[in-house]
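Descriptive structure summary
Each chain, letter by letter, is given below.
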Amino acid sequence: MTSFGVDSFTLRFQMWIQGFEQLTQYKSWLIGLGEGANNAFLLDIYDYGSFHNTYVDILFQGGLLRLGVYLYVVILCGNKIGKVKNE
């Protein structure tokens, strides 16, 4: 339970939904709302500076382009690590 009287998953899910609505309202799915936008958006409503989900934070700040680059790098690194033969 949080100080708002709800379980943390419900609170986080509400934050994510409101963040997606904000992206839709400003037509910012492709490029996001800018660096630190999640902090400014959430502090007023929830008194938090993060969506508590890295992927949603990246999507909100940099849109699908930034999230795509991030996921590409994560997959690339995972593949490189998986190919290491020296345990």
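The notes below deal with the structure included here. (Residues numbered from 1 in each chain as written. Predicted model: local features only at pLDDT ≥ 70, side-chain atom pairs only at ≥ 80, totals over all residues. Heavy atoms only, no water.)

**Side note on the overall build of the protein chain**
Put simply, the test is: Secondary structure elements are defined from DSSP: runs of H or I of at least 4 residues count as helices, runs of E of at least 2 residues count as strands, and each element is numbered from the N terminus. C-alpha atoms define the radius of gyration in this analysis, and the globule rule sets the expected value at 2.2 Å times the number of residues to the power 0.38. Burial here depends on accessible area, computed with a 1.4 Å probe over protein chains only, as a share of the maximum for the residue type. Under 20% is buried, over 50% is exposed, and the range in between is partly exposed. Should any heavy atoms of two residues lie within 4.5 Å, those residues are counted as being in contact. For the area figures, the Shrake-Rupley method with a 1.4 Å probe applies, and any residue is considered shielded solely by the protein chains shown. Charged-residue counts in this description rest on Lys and Arg as positive and Asp and Glu as negative, His and the chain ends being excluded. Here the site of a charge means atom NZ of a Lys, CZ of an Arg, CG of an Asp or CD of a Glu.
Across its full length, the protein chain holds 3 helices and 0 strands. From first element to last, N terminus to C terminus, the protein chain shows the α and β order α-α-α. For 87 residues, the compact-globule formula gives about 12 Å, and the C-alpha radius of gyration of the protein chain, at 16 Å, lies well above that figure. Considered along the principal axes of its C-alpha atoms, the protein chain spans approximately 50 × 35 × 15 Å. With 87 residues in all, the protein chain has 28% of them scored as buried. A separation threshold of at least 6 residues defines the contact pool for the protein chain, and within that pool the share at least 24 residues apart is 54%. Accessible surface, the protein chain as shown: approximately 6,100 Å² in total, 61% of it carbon and sulfur. Between the averaged position of the 6 positive side-chain charges in the protein chain and that of its 7 negative side-chain charges there is a distance of 18 Å.

**What to know about unusual backbone geometry**
Both trends apply: most residues other than glycine have a negative phi, and most peptide bonds are in trans. At Lys27, a residue that is not glycine, the phi angle is positive and equals roughly 50°. With respect to the helices, strands and loops of the structure, Lys27 is situated in the loop between helix 1 (8-25) and helix 2 (37-46). Take Lys27: its relative accessible area is 74%, and that puts it in the exposed class. A positive phi angle, near 65°, is found at Asp47, a position not held by glycine. Note on placement: Asp47 falls in the loop between helix 2 and helix 3 (54-82). By relative accessible area, Asp47 is classed as exposed at 62%.

**Describing the nonpolar core**
Formally: Nonpolar cores were defined as sets of buried Ala, Val, Leu, Ile, Met, Phe, Trp, Tyr and Cys residues, with membership established by side-chain atoms within 4.5 Å.
Met15, Phe41, Leu42, Tyr46, Phe51 and Phe60 are the most contacted members of the largest nonpolar core, which has 14 residues in total. What Leu42 contacts, discounting residues up to four positions off in sequence, is Met15, Asp47, Tyr48, Gly49, Ser50 and Phe51.

**Observations regarding the packing of helix 2 against helix 3**
Note the cut-off: Simply put, an axis is a line fit to the C-alpha atoms, just over the touching stretch for a helix, and the angle between two N-to-C directions goes from 0 to 180 degrees. Note on terminology: angles under 35 degrees are roughly parallel, angles over 145 are roughly antiparallel, angles of 65 to 115 are roughly perpendicular, and the others are oblique. The classification used treats Ala, Val, Leu, Ile, Met, Phe, Trp, Tyr, Cys and Pro as nonpolar, Asp, Glu, Lys and Arg as charged, and all other residues, Gly among them, as polar.
Across the interface, helix 2 lies against helix 3 with an axial gap of 8 Å and an inter-helix angle of 110°. Judged by the inter-axis angle, helix 2 sits roughly perpendicular to helix 3. Packed against helix 2, whose contacting residues are Ala37, Asn38 and Phe41, the element helix 3 presents Asp57, Phe60 and Gln61 at the interface. Looking at the contact of helix 2 with helix 3, its residues break down into 3 nonpolar, 2 polar and 1 charged.

**Some thoughts on the pattern of salt bridges**
The criterion, for reference: Salt-bridge detection follows one rule: a side-chain nitrogen of Lys or Arg within 4 Å of a carboxyl oxygen of Asp or Glu.
Tallied over the full model, the rule gives 1 salt bridge. For the salt bridge of Arg66 with Glu35, the shortest nitrogen-to-oxygen distance reads 2.8 Å. You can see Arg66 sitting in helix 3 and its partner Glu35 sitting in the loop between helix 1 and helix 2, a full 31 residues away along the chain. The partly exposed category is assigned to Arg66, whose relative accessible area is 33%. The exposed category is assigned to Glu35, whose relative accessible area is 62%.

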